[in-house]
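Geometric and topological summary
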Amino acid sequence: MTTDKKVRVRFAPSPTGGLHLGGVRTVLYNYLFARQHGGDFILRIEDTDQTRFVPGAEEYIFQCLAWAGLEPDESVKHGGAYGPYRQSERKELYRSYAEQLVENGRAYYAFDTPEELEQMRRDFKTEQNPSPQYDHQVRGKMRNSLTLSKEEVARLLKENTRHVIRIRMPENETIGFTDMIRGEVNFNTSLVDDKVLLKADGMPTYHLAVVVDDYLMKITHAFRGEEWLPSAPVHILLWQYLFGLEQMPQWAHFPLILGPSGKLSKRDGAKYGFPVFAMNWTDPKSGELTEGFKEKGFLPEAFINLLAVLGWNDGTEQEVFSLEELIRKFSMDRVHSSGAKFDYEKAKWYNHEWIKKLAPEDLTQRVKEMLIAKELPVTDDGALQQIVEMVKDRTTLLPDFYEQTAYFFQTPENIDIAAIQPKWNEAKQLFFTELIRNYELTDTWEAAVLENSFKEIAAASQLKPGEVMLPLRIMLVGGKFGPHVFDIAAILGKKETMQRIRHTLGLLN
Ligand code: GLU
């Protein structure tokens, strides 16, 4: 195998829509493996299926990777010595490989029209085989260079008759490879159809392009989702026929990510109210918006962490990992082969852990950006950091900081009077009148001082502090939440605190 060469891995997305969590996990494992081995991480755009082209999807993939902090070393954007990195720009390169296969008897020209293929599906349909494929049983009865005379084939090609090139799958051979996660995997070639390698428009299919490009880009390890495992026999044969099996990268197929009902899908996300895409994706055709982890308020550190452990663990109880730790600890032989269940509650737990784990200045900057985007008048970073530290235990997602901090920057519009009114009485009214008088005279506007005076006045009024604490909180915050109420008052300052108490007293009378 290829272990003595410089490690080169690739992520090879087709830009057809939002970037699914499973896609980002593939990026992550590739990235970790490359960094761990001092190798290169390549991003190759697999856009040979022109019918599935979606404007904006390529740019979106780059944005997602940038947000997650998983920048490729080589790509359309990052450059590199093995370009072009977009398959549509490599079109001319693939035909000669396909033709080489035809010459060697490993592939053939097929001239069947869509109607003829339709007819074949009807003719060969049986109860045991409800959807017949173009395979070793069928190819001898179709219009291709295996059944037509040499002269006829030459004439059809000369006349530019629409045709494809198909691989000629051997009959009843066992071929296999060693998957880095699954071990030995074998296939019977008779079960695989004669896949198209080169399409009528001259574009290669995924099968041909992936093998040619992995070869030309000197890829040493190819990691991809389990859904690609059925394609492996075709790729093994192409490697064998074109470049020799010893050139083939080592493969690993990652387990599926499971949702509440099987493979995690966009529909699960919509149904259960959680994101499945890295970032917001708007379908350019339908205008439909699918929410992303970023916009939902996940920190990229948490997102990476939760993806890393969807299918991998380090063999200990540790759950929270930084990217640096993952680079050190990740290993392919600890990736599971069975599906990994996505648990949204657990995902949120990771975010909460990362909110606590980030350096206060760093967290404050991120909260600040979010608050400013929501038009809160935040100016003083020092005060904001103090506030953020006070409330962060009460937050799970970034936008929670809005609710938890907005009242520091603007007077609450709604005061939950209904939570005070039923138990409001003369004694409490007098207590607050006295509190205002006392606070007006206070020179040292500090939480401990304010709390002391509060408790003394409560005692003198024969009230339990708890009875008047909730009203005070509602006066300052607007509702029954938030950190220690005297810390809030200290940060609000004398003028604002007094105004808020007076305002609510006015509402109560
Ligand atoms: N183009 C394939 C995809 O969309 C790449 C699979 C592979 O990595 O070989 O995922």
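Every value quoted in this text rests on a predicted model; they were computed, and no experiment measured them. (Residues numbered from 1 in each chain as written. Predicted model: local features only at pLDDT ≥ 70, side-chain atom pairs only at ≥ 80, totals over all residues. Heavy atoms only, no water.)

**Considering the packing of aromatic side chains**
In the structure shown here, the tally under the stated rule is 34 aromatic pairs. With a centroid separation of 5.0 Å and an interplanar angle of 80 degrees, the aromatic rings of F431 and F454 are classed as edge-to-face. Here F431, found in helix α16 (residues 426-441), pairs with F454, found in helix α17 (residues 447-460); they are 23 residues apart in sequence, far enough to count as distant. By relative accessible area, which is 0% here, F454 ends up buried. Cluster of aromatic residues (ring-pair linked, three or more members): W67, Y272, F274, F293, F298, F303, F342 and Y344. Over the ring of W251 we find R224, and its NZ or CZ is 4.8 Å from the ring centre. (Phe/Tyr/Trp six-rings, centres within 6.5 Å; stacked < 30°, edge-to-face > 60°. Helix = DSSP H or I, 4+ residues; strand = E, 2+ residues; numbered from the N terminus. Buried < 20%, exposed > 50% of the residue type's maximum accessible area, 1.4 Å probe, protein only. Lys NZ or Arg CZ within 6 Å of the ring centre and 35° of its normal.)

**What about unusual backbone geometry?**
With an omega dihedral of -10 degrees, the bond running from G83 to P84 counts as a cis peptide bond. Along the chain, P84 falls in the loop between α2 (57-68) and α3 (91-103). Backbone geometry at K218 places phi at a positive 55 degrees, although glycine is not the residue there. Tracing the sequence through the fold places K218 in the loop between α6 (206-216) and β8 (221-225). For K218, a relative accessible area of 51% puts it in the exposed group. For Q462, which is not glycine, the phi dihedral falls at a positive 55 degrees.

**Quick notes on the site of the ligand**
Close contacts around the ligand come from R10, A12, S14, E46, Y206, V210, R224 and W228, and that covers them all. Here an oxygen atom of the ligand sits 3.3 Å away from a polar atom, N or O, in the side chain of S14. Contact between the ligand and R224: an oxygen atom at 3.3 Å from a side-chain N or O atom of the residue. In isolation the ligand offers 300 Å² of accessible surface; the protein chains occlude 85% of this area. If you map the ligand onto the pockets, it falls in the largest pocket. (Near = heavy atom within 4 Å. Polar contact = N/O pair within 3.5 Å; in protein donor to acceptor, adjacent residues only side chain to side chain. Areas by Shrake-Rupley, 256 points an atom, 1.4 Å probe, with all protein chains shown as cover. 1 Å grid on protein atoms, 1.4 Å probe; cavity = no way out; pocket = protein on both sides within 12 Å on 5 of 7 lines; lining within 4 Å. Sits in = over half its atoms within 2 Å of the grid points.)

The analysis is restricted to geometry; functional conclusions fall outside its scope.
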